[in-house]
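Structural characterization, general
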Amino acid sequence: MKLPLATYILFVVLVENISALNGVWRWECSNNYCQKTAITPETEDTALSLPACRIFCSDVGALWPKPTGNVYLGSTLAKVNINSIDAMGLNFEKASHPIMTGAMKRFKQQINAKMPQRAKLADGGKTLEITCILANPDITKLTLETAEGYALTISETSDGRLNATIVADNIFGGRHGLETLNQLVIYDDLRDEVLMPNDVSITDEPAFAYRGISLDTARNYINVDTIKRTLDGMASSKLNSLHWHITDSHSFPYVSKSLPELSMYGAYSTKKIYTAEDVAEIVAYGLERGVRIIPEFDAPAHVGEGWQNTDFVVCFNAKPWQNYCVEPPCGQFDPTKDKLYDAIEALYGDMLEQFDPVIFHMGGDEVHFGCWNSTDSIVEWMETEKGWGRSEQDFVKLWDLFQNESLTRLYKKADKQIPVIMWTSTLTQKEYLELLPKDKYIIQIWTTGSDPQISNLLNNGYKVILSNYDALYFDCGFAGWVTDGNNWCSPYIGWQKVYENRPAKFAGDKKAQVLGAEAALWTEQVDSASVDTRLWPRASALGEVLWTEPTGSWRDAEQRFLVQRERLIELGVNSDALEPEWCWQYEENCPTSGKFNQ
Ligand SMILES: *[C@@H]1O[C@H](CO)[C@@H](O)[C@H](O)[C@H]1NC(C)=O
Ligand SMILES: *[C@@H]1O[C@H](CO)[C@@H](O)[C@H](O)[C@H]1NC(C)=O
Ligand SMILES: *[C@@H]1O[C@H](CO)[C@@H](O)[C@H](O)[C@H]1NC(C)=O
């Protein structure tokens, strides 16, 4: 086809211009959506890349989680000289502040990760100076009371430097401010430049104090790098609690200083262990990312491997397993053995020393009375020593005795009454609840929202953490392994369901007793190869539920959520894809977008 001369000239001009601009597409903001549009000679000077368009066009600059206070992002972008990012003010990068030094190091790594390896940044750009002003710089523990809010302002100084100032009570709030700042720094692939808005003011604080993930590392071993990637993803979503289900009946990878035999016998291999150095590394890595690590020693059920050289465990690998536990291999502590409590005390001591936790998790789920009832020595002890029968109430007494002695030993080692989390179980039912006093125990709910235990717990003044399995069990929706067909809690839970699982729905006017929620990843069918895709980006959806406490539908959040998914990929977290990339580029057009459904 022969083109008219005018078109031909235009084409040539266009080609010349796009060689300066890496690409032929720009994005234009229209109706709050970034529209993919071809670059023309008229628009090339003002052409926006997609991330640049999103800062001003997407809801709150595509920040995730959405800030709860004021967000002002101005209307101009400035070019950043990434070789000149300085931590200036108080408490930053001082040797005395390893948490902030780590957070700052991560900030710079994240900026670099935004750019393709072949990026050849043009010279120039402004110095970015980050100042962090903390009222209580000496707070280094993230408790349930720690104030995690911050205020972030960005402006330009009279001599043309970018001034990012974060004001917070402590380093944890300061770190969140840094995370927000990071989300505002973008790589513009049209011009090979790093840009950020230069007139910003944001105030922000979380709605809930406990924003967590629980990770099982006993059904399958999860390597240290994968746990660190999990912490990277958590930091970027402002999640703050990693509950580490470190042992179970299947394996005992935790190397106890006092009882090294447990991992010698109980680990899957000599490599699949967590040494004291591993734990220290993970705890420090978590703190730099604003995440507290909460160790769980689950008992009296969920024990087995590792204890072979003791006589503390009964029903280990008993068959048919359905008679003795909820999942093979079975195993339960024998509460009648006095020496058992010395072993438990030693383990608690090791964990408290290594994790230095502000909360401890004692598990306490799925105790199977059929196991104890089938063990002659236990039944005999109950009947002759205690004069008890063999009813459910009698086995509850046995369990209470175990729980009481374990708690005594934990307090002894902690040298105080450290808060303890327990899963919902027979003990949290109405008739037995008084055995778990509310001033000592926080209850983690794993049943569904329709469970009457929930309102009973709340009405009786308990503090709770939500992990209702119908929205927060991320292992659901795969093939069964103890049954035919799909696994027990199928189907797969989409991020939309996670996003709409709101604490207020469960708690009504007792919301103040909900500390937060936790997504649970049980790893029967997951290991280091697949943890990332199970957790991400769904756990980021939970991050916003707990930080922002949104009231709108997931549809309102979808655009930003797609951006957050890309951020996770930049961080090296192998997050699942949600939609064809086409939907990300043509925001307005995919069936799930808010616009389409209006
Ligand atoms: C940087 O911004 C903060 C907060 O707005 C302000 O207090 C401070 O004076 C600014 N610093 C400079 C050098 O302009
Ligand atoms: C324990 O076993 C005895 C004897 O079989 C039975 O009568 C009792 O109901 C069992 N107790 C429980 C709690 O199942
Ligand atoms: C154990 O039980 C006794 C008797 O009910 C009680 O006084 C004590 O406080 C309990 N110990 C703990 C640690 O809960």
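Preceding this paragraph is the structure being described.
Residues numbered from 1 in each chain as written. Chains lettered and ligands numbered in written order. Predicted model: local features only at pLDDT ≥ 70, side-chain atom pairs only at ≥ 80, totals over all residues. Heavy atoms only, no water.

**Concerning helix H10 (residues 376–385)**
Within an α-helix, residues lying three or four positions from one another point in the same direction, as the helix has 3.6 residues per turn. Heads up, the rule is: Only protein chains enter the calculation, and the probe is 1.4 Å; a residue is then buried if its accessible area is under 20% of its type maximum, exposed if over 50%, and partly exposed in between. Secondary structure follows DSSP: runs of H or I at least 4 residues long count as helices, runs of E at least 2 residues long count as strands, and numbering of each begins at the N terminus. For this quantity, the arc is that covered by the directions from the helix axis to the C-beta atoms. Contacts are assigned to residue pairs with any non-hydrogen atoms lying within 4.5 Å of each other.
Taken together, the buried positions of H10 are Ile378, Val379, Trp381 and Met382. Along the long axis of H10, the arc covered by the buried residues comes to 160°, so they all point the same way. For H10, exposure combined with an orientation more than 90 degrees from the buried face picks out Asp376, Glu380 and Thr384. Where H10 is buried, its residues touch strand S14 (313–314), helix H9 (369–373) and helix H11 (392–414). Looking one or two residues past H10, Gly387 carries a phi angle of roughly 70°, positive in sign.

**Section: the packing of H10 against H11**
Keep this limit in mind: Axis definition: a line fitted to C-alpha atoms, limited for helices to the stretch in contact. Angles are taken between N-to-C directions and run from 0 to 180 degrees. An angle counts as roughly parallel when it lies under 35 degrees, as roughly antiparallel when it exceeds 145, as roughly perpendicular when it falls between 65 and 115, and as oblique in every other case. Three classes are used: nonpolar for Ala, Val, Leu, Ile, Met, Phe, Trp, Tyr, Cys and Pro, charged for Asp, Glu, Lys and Arg, and polar for all others, with Gly counted as polar.
At their nearest, the axes of H10 and H11 sit 12 Å apart, and the two run at 95° to each other. When the axis of H10 is compared with that of H11, the two are roughly perpendicular. Mapping the contact onto sequence places Ile378, Trp381 and Met382 in H10 and Asp394, Phe395, Leu398 and Leu401 in H11. Residue composition of the contact of H10 with H11, by class: six nonpolar, no polar and one charged.

**Quick look at the site of ligand 2**
Here is the rule: Note on terminology: near, applied to a residue and a molecule or strand, indicates that one of the residue's heavy atoms is within 4 Å of it. What qualifies as a polar contact is a pair of N or O atoms within 3.5 Å, subject to a donor-acceptor requirement within protein and to the restriction that residues adjacent in sequence count only when both atoms come from side chains. The protein chains shown are the only cover counted for residues, whose accessible areas, like all others here, come from Shrake-Rupley with a 1.4 Å probe.
In the neighbourhood of ligand 2, the contacting residues comprise Asn373, Arg390, Ser391, Glu392 and Phe395. At 2.8 Å from a nitrogen atom of ligand 2 is found a main-chain nitrogen or oxygen belonging to Arg390. Relative to its free-state accessible area of 360 Å², ligand 2 is covered by the protein chains to the extent of 42%. When its residues are assigned to classes, the shell around ligand 2 shows one nonpolar, two polar and two charged.

**Focus: the nonpolar core**
So the rule is basically this: Residues belong to one nonpolar core when they are buried, are Ala, Val, Leu, Ile, Met, Phe, Trp, Tyr or Cys, and are joined through side-chain atoms within 4.5 Å. Annotation comment: domain bounds sourced from an automatic or database domain assignment.
Ranked by size, the top nonpolar core spans 117 residues in total, and within it Phe297, Trp307, Phe333 and Trp372 carry the most contacts. For this core, the domains that each give at least three residues are domain 2 (210–551) and domain 3 (555–598). Ignoring anything within four residues of it in the chain, the contact list for Trp372 reads Pro300, Val314, Gln332, Phe333, Pro335, Val367, Ile378, Val379, Phe395, Leu398 and Trp399.

**Things to note about the packing of aromatic side chains**
Heads up, the condition is: Working definition: rings of Phe, Tyr and Trp (its six-membered ring) pair if their centres are within 6.5 Å, and the pair is stacked with planes under 30 degrees apart, edge-to-face with planes over 60 apart, and tilted otherwise.
By the definition in use, this model includes 32 aromatic pairs. Seen from their ring centres, Trp446 and Tyr473 are 6.3 Å apart, and the 15° between their planes marks the pair as stacked. Placement of the pair is Trp446 in the loop between strand S18 (441–445) and helix H12 (452–459) and Tyr473 in the loop between helix H13 (469–472) and helix H14 (495–499), with a sequence separation of 27 residues. Tyr473 shares its class with Trp446; the two are buried. For the ring pair Trp495 and Tyr499, a centre distance of 5.9 Å and an interplane angle of 65° mean the geometry is edge-to-face.

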